[in-house]
Amino acid sequence: MQPMLLPCAIPPEWDNDPVGRRVQEWMRKTPLRLTIGRMAVVKVLAQAQTPVDAEAVLRGLVEQGNPTSLATVYRILKELEQHALVEREWHHNSLGTRSCYAVKLGPQHKRACCFQCDVCGRRRKVAEPALATQLAAAAEHEGYNTQQELVVVSRCAACSKN
Ligand SMILES: [Zn+2]
């Protein structure tokens, strides 16, 4: 089966729609190219009240008139997650674990994450938001409370020399 390709032009009605406008502004702040596929996925997530899985995203895209393949949805979600635009949560049930996704529009959920030297105690904030998000997601997956500050213990450059 050939996956259907998404149209590449941003529909003009998105400029008049508050969610569509917000999604565009938000995506322009990232190095990701603004594509209809990415924006359509973000829009589905932005309109969902709770985190949703890839199948639900695909259903949302079909309802929006943007049918695509599940593989494409997964690829886009992964890109968005890598740029910390989308947050992944693991939902557990009797059938196992599935990934659910939510956008991080508006004020970002603050997740303090830092490196701490095991000798002098000097701290340095983890600068990459995508990495901090992934660390928080991994900690959450292991059952850690991510409202707490995440600390990666290592040794600073100065102490390593001694
Ligand atoms: Zn140190």
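Residues numbered from 1 in each chain as written. Predicted model: local features only at pLDDT ≥ 70, side-chain atom pairs only at ≥ 80, totals over all residues. Heavy atoms only, no water.

*Asks:* Even after reading the chapter, I still don't get the confidence of the model for the chain, so can you show me in this structure?
*Replies:* Do not read the fine detail of predicted coordinates wherever pLDDT is low. Residues with a pLDDT of 70 or more make up 85% of the chain, whose mean pLDDT is 80. When the elements of the chain are averaged for pLDDT, helix 1 (residues 18-28) gives the smallest value, 75, and helix 3 (residues 54-63) the largest, 95. Low pLDDT, under 50, characterises residues 1-8; the predicted model gives this stretch 11 contacts beyond four residues in sequence or across chains. (pLDDT = per-residue confidence, 0-100. Helix = DSSP H or I, 4+ residues; strand = E, 2+ residues; numbered from the N terminus. Contact = heavy atoms within 4.5 Å.)

*Asks:* What is the right way to look at helix 3 in this model?
*Replies:* What sets the pattern is the α-helix's 3.6 residues per turn: residues three or four places apart point alike. Listed as buried for helix 3 are Ala54, Ala56, Val57, Leu58, Gly60 and Leu61. Next to the buried residues of helix 3 lie helix 2 (36-47), helix 4 (70-82) and strand 2 (96-103). A positive backbone phi angle near 85° is found at Gly65, which sits one or two residues after helix 3. (Buried < 20%, exposed > 50% of the residue type's maximum accessible area, 1.4 Å probe, protein only.)

*Asks:* For this particular structure, what's the right way to read the packing of helix 2 against helix 3?
*Replies:* When two helices pack together, their arrangement is given by the angle between the helix axes and by the axis-to-axis distance. Relative orientation of the contacting elements helix 2 and helix 3 amounts to 105°, with a least axis distance of 9 Å. The angle between helix 2 and helix 3 falls in the class roughly perpendicular. Of the residues in helix 3, those touching helix 2 at Ala40, Val41, Val44 and Leu45 are Ala56, Val57, Gly60 and Leu61. Tallied by class, residues from the contact of helix 2 with helix 3 come to 7 nonpolar, 1 polar and no charged. (Axes fitted to C-alpha atoms, helices over the stretch in contact; angles between N-to-C directions. Parallel < 35°, antiparallel > 145°, perpendicular 65-115°, else oblique. Nonpolar A, V, L, I, M, F, W, Y, C, P; charged D, E, K, R; others polar.)

*Asks:* What exactly am I supposed to notice about the nonpolar core here?
*Replies:* Proteins that are soluble and globular tend to have nonpolar side chains buried together. Ranked by internal contacts, the top residues of the largest apolar core, which has 26 residues, are Met27, Val41, Leu45, Val57 and Leu80. Among the elements of the structure, helix 1, helix 2, helix 3, helix 4 and strand 2 are those that each provide at least two residues to this core. With 7 residues, helix 2 is the largest single contributor of residues to this core. The residues touching Val41, leaving out its near neighbours within four places in the chain, are Val57, Leu61, Ile76, Leu77 and Leu80. Judged by nonpolar contacts, the second largest core, of 6 residues, contains Cys113, Val126, Ala139 and Leu150. (Core = buried A, V, L, I, M, F, W, Y, C linked by side-chain atoms within 4.5 Å.)

*Asks:* What should I look at first to understand the pattern of salt bridges in this one?
*Replies:* Any two side chains of opposite charge can pair, on the condition that their charged atoms come close. Counting across every chain of the model gives 5 salt bridges. Here Glu79 makes a salt bridge to Arg75, at a shortest N to O gap of 3.2 Å. You can see Glu79 and its partner Arg75 sitting in helix 4, 4 residues apart, about one turn around the helix. Of the residues examined, Glu79 reaches a relative accessible area of 16% and is grouped as buried. (Salt bridge = Lys/Arg side-chain N within 4 Å of Asp/Glu carboxyl O.)

*Asks:* Can you walk me through the UniProt feature "binding site: Zn(2+)" (unreviewed entry) in the chain in this structure?
*Replies:* Within this structure's numbering, the places UniProt gives as "binding site: Zn(2+)" (unreviewed entry) are Cys117, Cys120, Cys156 and Cys159. The greatest C-alpha distance among the residues just named is 8.1 Å, despite their covering 43 residues of sequence, which places them together in space. Mapped onto the fold, Cys117 is located in strand 3 (residues 113-117). A residue is classified by how much of its surface remains accessible, and Cys117, at 4% relative accessible area, is buried. Setting aside chain neighbours within four positions, we find Cys117 in contact with Arg122, Ser154, Arg155, Cys156 and Cys159. In this structure, Cys120 sits in the loop between strand 3 and strand 4 (123-125). Relative accessible area serves as the criterion here: at 40%, Cys120 is assigned to the partly exposed category. (UniProt positions renumbered as here; feature names shortened; annotations may be inferred.)

*Asks:* What am I meant to see in the side chain of Ser99 here?
*Replies:* Following the sequence through the fold, Ser99 ends up in strand 2. Overall, Ser99 belongs to the buried group, its relative accessible area being 18%. A distance of 3.2 Å separates the side chain of Ser99 from the side chain of Arg88, its partner in a polar contact. Once you skip the residues sitting within four places of it in the chain, Ser99 turns out to touch Val52, Asp53, Ala54, Arg88, Glu89 and Trp90. (Polar contact = N/O pair within 3.5 Å; in protein donor to acceptor, adjacent residues only side chain to side chain.)

*Asks:* Looking at this model, I keep getting lost on the coordination of the zinc ion. Mind explaining?
*Replies:* Four donors placed tetrahedrally around a metal ideally meet at 109.5 degrees, and six donors placed octahedrally ideally meet at 90 or 180 degrees. Here the zinc ion is held by Cys117 (SG), Cys120 (SG), Cys156 (SG) and Cys159 (SG), and the distances to it run 2.2 to 2.3 Å. In this structure, the zinc ion is surrounded by 4 donor atoms whose angles at the metal cover 102 to 113°, and the resulting shape is tetrahedral. In primary-sequence terms, the residues that donate to the zinc ion follow C-x2-C-x35-C-x2-C. Remark: Cys159 occurs in helix 6 (residues 157-161) and Cys117 occurs in strand 3; sequence separation between them is 42 residues. On the basis of relative accessible area, Cys159 is assigned to the buried category, the value being 13%. (Donors = N, O, S within 2.8 Å, 3.2 Å for Na, K, Ca; no water. Tetrahedral: all angles 85-135°; square planar, octahedral: opposite > 155°, others 65-115°.)

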